[in-house]
Amino acid sequence: MARKCKCRLCGKELTTDIAYCVQGKTKSYYCNKEEYDEVIKEQQIKNECMDYVAEIINMKFTPPAMMKLVNGLNEFYDYIVIKRAFKDNSDSIQWALINKKFSSEFAKYKYIISIVLNNIDKSYRSYLREQEEMKRLFNQVNTNSIDVEILNFDRNEVKTKKSSDISMFLED
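Bear in mind that the values here come from a model prediction, so they are computed numbers and not experimental data.

How each quantity is defined
Residues numbered from 1 in each chain as written. Predicted model: local features only at pLDDT ≥ 70, side-chain atom pairs only at ≥ 80, totals over all residues. Heavy atoms only, no water. Helix = DSSP H or I, 4+ residues; strand = E, 2+ residues; numbered from the N terminus. Buried < 20%, exposed > 50% of the residue type's maximum accessible area, 1.4 Å probe, protein only. Areas by Shrake-Rupley, 256 points an atom, 1.4 Å probe, with all protein chains shown as cover. Phe/Tyr/Trp six-rings, centres within 6.5 Å; stacked < 30°, edge-to-face > 60°. Lys NZ or Arg CZ within 6 Å of the ring centre and 35° of its normal. Pairing = 2+ DSSP bridges. Arc of directions from axis to C-beta. Contact = heavy atoms within 4.5 Å. Disulfide = S-S within 2.5 Å.

**Focus: the overall build of the protein chain**
For the protein chain, the helix and strand inventory stands at six helices and four strands. Expressed as a percentage of the 172 residues in the protein chain, the buried residues total 26%. Of the roughly 13600 Å² of accessible surface on the protein chain, a fraction of 51% belongs to carbon and sulfur atoms.

**Remarks on the packing of aromatic side chains**
Throughout the structure, instances matching the rule amount to four aromatic pairs. An angle of 45 degrees between the planes, with centres 5.7 Å apart, marks the rings of Y20 and Y36 as tilted. Separated by 16 residues along the polypeptide, Y20 in strand 3 (residues 20-23) and Y36 in helix 1 (residues 33-56) bring together distant segments of the chain. Here F102 and Y111 contribute two aromatic rings whose centre-to-centre distance is 5.5 Å and whose plane-to-plane angle is 55 degrees, an arrangement assigned as tilted. Its relative accessible area of 25% is what places F102 among the partly exposed residues. Residue Y111 is classed as partly exposed on the basis of its relative accessible area of 32%. Members of the aromatic cluster, each reached through a chain of ring pairs, are Y20, Y30 and Y36. The lysine or arginine in question, K87, covers the ring of Y52, its NZ or CZ lying 5.7 Å from the ring centre.

**Some details on the pairing of strand 3**
Here strand 3 pairs with strand 4 (residues 27-30) via four bridges, running antiparallel. By the bridge assignment for strand 4, V22 is matched with S28. Between strand 3 and the antiparallel strand that follows it, strand 4, lie three residues.

**Focus on helix 2 (residues 64-73)**
Along an α-helix, a turn takes 3.6 residues, which lines up residues three or four apart on a common side. For helix 2, the set of buried residues is M66, L69, V70 and L73. For helix 2, the arc enclosing every buried residue in end-on projection is 95 degrees, short of the 170-degree limit, so these residues lie on one face. Pointing more than 90 degrees away from the buried face of helix 2 are the exposed residues P64 and K68. Along its buried surface, helix 2 packs onto helix 1, helix 3 (79-88) and helix 5 (105-139).

**Thoughts on the environment of K100**
Relative to the assigned elements, K100 resides in the loop between helix 4 (90-99) and helix 5. Look past the residues within four positions of K100 in its chain and what remains in contact with it is W95 and Y111.

**A short note on the state of the cysteines**
A full pass over the atoms with the stated rule returns zero disulfides. You can see C10 has no disulfide; the closest cysteine sulfur is in C31, sitting 3.5 Å from it. The cysteine C21 is free of any disulfide, with C5 supplying the nearest cysteine sulfur at 8.3 Å. Among the residues examined, C21 registers a relative accessible area of 35% and is labelled partly exposed.

**Overview of helix 4**
The complete set of buried residues in helix 4 reads S90, I93 and A96. Seen along its axis, helix 4 keeps its buried residues to an arc of 125 degrees; they face one direction. For helix 4, the exposed residues set more than 90 degrees away from the buried face come down to D91, W95 and I98. The elements touched by buried residues of helix 4 are helix 1, helix 3 and helix 5.

What follows is the structure, encoded as C-alpha cells:
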C-alpha cells in the first residue's frame, strides 16, 4: 500500500508508488525524474559558483559569511549570473584584495559583494544577450541555405599559378 509523500521541489501531494524516490540518508520524493535532475543541475551550478568565489578570494573553500552574502544575491539572480559577475569583476576584486586594508574578514567580503552587486546588472544583460543569440542560432531554420556547389568545390580546379584571373569563379 502506498503512503502519502510530498515532492521536495514543488510540495505537491503524491503517493510513494507514483513518486520518483531518491535514496540517500533519508528517502526524498519528487514528482518525476526530470524535477530531480533539475535540482541536481541547480546544485552543481551553485557548487561551481561557490568554488569560483573561493578561488577569487584565494581560499580553499567559501567561508560561511561569504556564502550567506552570495546566497542573498541568489534571491534576485541565478548562480550562473553571479559566477559571471565575479568573473567579469575579478580584476577589481583582486586589486581590492591586494591594495586595500580591511578591519575584518566580513568587511572584506562585504566590499567584494559590493563590487559584484554594483556590476551584476551589466553581467545579467550580457548573459541574456548571449542566450538570445544562442536561441537564434539554434532556431535558425534554413534561412541561410548553404550553396551545395561550395561544399563540392574541387581544389584541383584552382589554378596554382599566381594570377589575378578570377574567371573560373564567376558563373557563366
